[in-house]
Amino acid sequence: MDDEGAYARAGGRLPGDPVPDPGLGDEPGPLAPQGRPPRRRTSLWRAFVHALPVLLIVVAILYDIFTPRYFTAGPLYTAATLVAAPLYSRRGTALTGVAVVAAVVGLQLGKGVIHYVDSLTELITIATVAVLAVLVNGLVRRSDERLVSVREIAEAAQRAVLPAPAERIAGFEIAVCYQAAQADAFIGGDLYAVQDSARGVRLIVGDVRGKGMGAVAAVAVVIGAFREAAEQEATLEAVAQRLERALAREGTRRDGLDAFEGFTTAVLAELPHGGGTVRIVNRGHPPPLLLYADGTLRPVPAHESALPLGMGELGVWPDRAEETAFPAGATLLLYTDGLTEARDAKGEFYDPQARLTGRVFPHPASLLDTLAEEVRRHSGGGMADDMALLAVRRPRRSDHDHCHEP
């Protein structure tokens, strides 16, 4: 089982995690790579990049020592200060510049060429580049501060729109994750929500048509309507109808194409308290997967097709929740099409049903960790669509007993 690390529950990075240093080649991803070798390679690369200015200075000094006096390592000295600018602090960049100037002066004095016009010109050029490197460093640091501020705002918006549910609700073990396809984005058009109610734990995973802030606004509408309806409505079918009406109202407020074509595919699930079943309403969404304790996997497709939410004007018929057994130890996986539409270099789609069959996961979080890492590897780190995952497990009695052991 692939159970390394805790998955970044939204956007591939948990709120509060440090932002990677720019320019070091780290691609944002949902997980650290499986196993130690990839992580070790990343650490070695980071160490090499940070040491590059020092290495350039050492190579330049050796070059000047072992070559005739009319040879110059000036380009290596200037490169060292420029490379230091985005990597080091202002003090570190300034110290690099001082070291470079001192090395050049010392070598020129040793060779007795410091009074030559060419040597003096080289020294002035190197010193000027060192000063410019300090100025560049200040600009880079200010840009980093603005980027951190933007990330903090995005994380706050994420927590407000897509708050992570508790790991255990009404006895069920729950895990979620979100990865936006757009670089540096924390939220897009996919959604999930979990709400406990008097009729059971109710879940939703959905995918809003479109991108950008319009999709995010629709996500907020759907989740807000779902939380209210899940508390108030007696049936899961009624919850779906409330969402339909909420999106219809949202459509009247939108201009342009979205006013006529906005819709949301969604799957809603209800886990009755104390029962061994799950009720599902599917509105044009990929079918959930049911993973049993023995590794058996079964998709739960809708027997009657239904239009996505927000398209009620094209056809009116009552929603019908379909009930299936949800035994102890089983895990229900709800996902968006970012999972199944992830392609590899050959254009082949990721198939979660084939990949997960026969595998057993001790907790929903380990299942999502594995999926996120495998999708990242399958797609080469570049996803074409957002991906939202929600997994819920009905623990066995032995699991509860083990949890309460002294």
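Residues numbered from 1 in each chain as written. Predicted model: local features only at pLDDT ≥ 70, side-chain atom pairs only at ≥ 80, totals over all residues. Heavy atoms only, no water.

Undergrad: Tell me about the pairing of strand S11 (residues 387-393), residues and numbers included.
TA: In terms of residue burial, S11 counts as a mostly covered element, since 7 of its 7 residues are buried. By the bridge criterion, 7 bridges tie strand S2 (residues 172-179) to S11 in an arrangement that is antiparallel. Within S11, the residue paired with Ile174 across the bridge is Val392. As paired strands, strand S10 (residues 331-335) and S11 are joined by 5 bridges and run antiparallel to one another. Looking across to S11, one finds that Tyr335 is bridged to Leu389. (Buried < 20%, exposed > 50% of the residue type's maximum accessible area, 1.4 Å probe, protein only. Helix = DSSP H or I, 4+ residues; strand = E, 2+ residues; numbered from the N terminus. Pairing = 2+ DSSP bridges.)

Undergrad: Got a sec to walk through unusual backbone geometry? Specific residues and values, please.
TA: A positive phi angle, near 50°, is found at Ala170, a position not held by glycine. Take Ala170: its relative accessible area is 43%, and that puts it in the partly exposed class.

Undergrad: Any details on the sheet that holds strand S6 (residues 277-283)? Residues and values, ideally.
TA: The 5 strands are arranged S3-S4-S5-S6-S9 in an open sheet whose pairing can be described as antiparallel. With one partner strand each, in any of the chains shown, strand S3 (190-197) and strand S9 (322-325) form the two edges of the open sheet. Direction aside, the axes of adjacent strands within the sheet are offset by 20° on average. Across 8 bridges, S3 lies against strand S4 (residues 200-208) in antiparallel orientation. The residue of S4 that forms the bridge with Ser197 is Gly200. (Axes fitted to C-alpha atoms, helices over the stretch in contact; angles between N-to-C directions.)

Undergrad: Can you tell me about the environment of Thr296, naming the residues and giving the values?
TA: On the secondary structure map, Thr296 appears in the loop between strand S7 (289-291) and strand S8 (297-299). Residue classification places Thr296 among the partly exposed positions, given a relative accessible area of 40%. For the pair formed by Thr296 and Arg359, sequence separation is 63 residues and the distance between their alpha carbons is 7.9 Å. Those residues in contact with Thr296 that sit more than four places away from it in its chain are Leu290 and Leu291. At 2.9 Å, the side chain of Thr296 forms a polar contact with the side chain of Asp294. (Contact = heavy atoms within 4.5 Å. Polar contact = N/O pair within 3.5 Å; in protein donor to acceptor, adjacent residues only side chain to side chain.)

Undergrad: I'd love a proper account of the pattern of salt bridges, names of residues and values included.
TA: Applying the stated criterion to the full structure yields 16 salt bridges. Ionic pairing is found between Arg202 and Glu270, a salt bridge with its closest N-O pair at 2.7 Å. Taken as a pair, Arg202 in strand S4 and Glu270 in strand S5 (residues 264-271) lie far apart in primary sequence, 68 residues in all. Here Arg202 and Glu270 have matching classes, each one buried. Overlapping salt bridges bring together Arg202, Glu237, Glu270, Arg279 and Glu323 as one network. (Salt bridge = Lys/Arg side-chain N within 4 Å of Asp/Glu carboxyl O.)

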